[in-house]
Amino acid sequence: MLRSILTRSGIHGMGRLAAARLRAFHKIRTPDSIQMATAIIGKASFFLTNDIRLPSLPNLKTLVLNDLKLESREKEL
């Protein structure tokens, strides 16, 4: 049986405050700020997205899926 590497998490008081701060200081849209705040609180190693506009944060590295695909293809060549 495979063990899941994903974790489900809800957003509560601390998460709401963290999301609001991300929106205010980094100009991140509400849905993205909620997801990123949840990742930070959950101590995620990285945030995987296809949105090139999302910044990496001091405590959360943002990985863009298309960039990873390009890196993989370059290594194959």
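The coordinates are above.
These remarks concern the structure in this document. Just so we're clear, the structure is a prediction, and the values are computed from it rather than from any experiment.

Concerning a nonpolar patch on the surface
A grouping of Phe46, Leu48, Leu65 and Leu68 is seen on the molecular surface, where their side chains present a nonpolar patch of about 330 Å² in accessible area. Counting only elements with at least two residues in the nonpolar patch, the list comes to strand 1 (46-49) and helix 3 (65-76). Secondary-structure assignment places leucine 65 in helix 3.

Things to note about the pattern of salt bridges
Two side chains with opposite charge may pair up if their charged atoms get near one another. All chains considered together, the criterion is met by 2 salt bridges. In this structure, aspartate 51 engages arginine 53 in a salt bridge whose closest nitrogen and oxygen atoms are separated by 3.0 Å.

Cut-offs and rules
Residues numbered from 1 in each chain as written. Predicted model: local features only at pLDDT ≥ 70, side-chain atom pairs only at ≥ 80, totals over all residues. Heavy atoms only, no water. Patch = residues over 30% accessible without salt bridge, like charges linked within 9 Å, V, L, I, M, F, W, Y side chains within 5 Å. Areas by Shrake-Rupley, 256 points an atom, 1.4 Å probe, with all protein chains shown as cover. Salt bridge = Lys/Arg side-chain N within 4 Å of Asp/Glu carboxyl O. Helix = DSSP H or I, 4+ residues; strand = E, 2+ residues; numbered from the N terminus.

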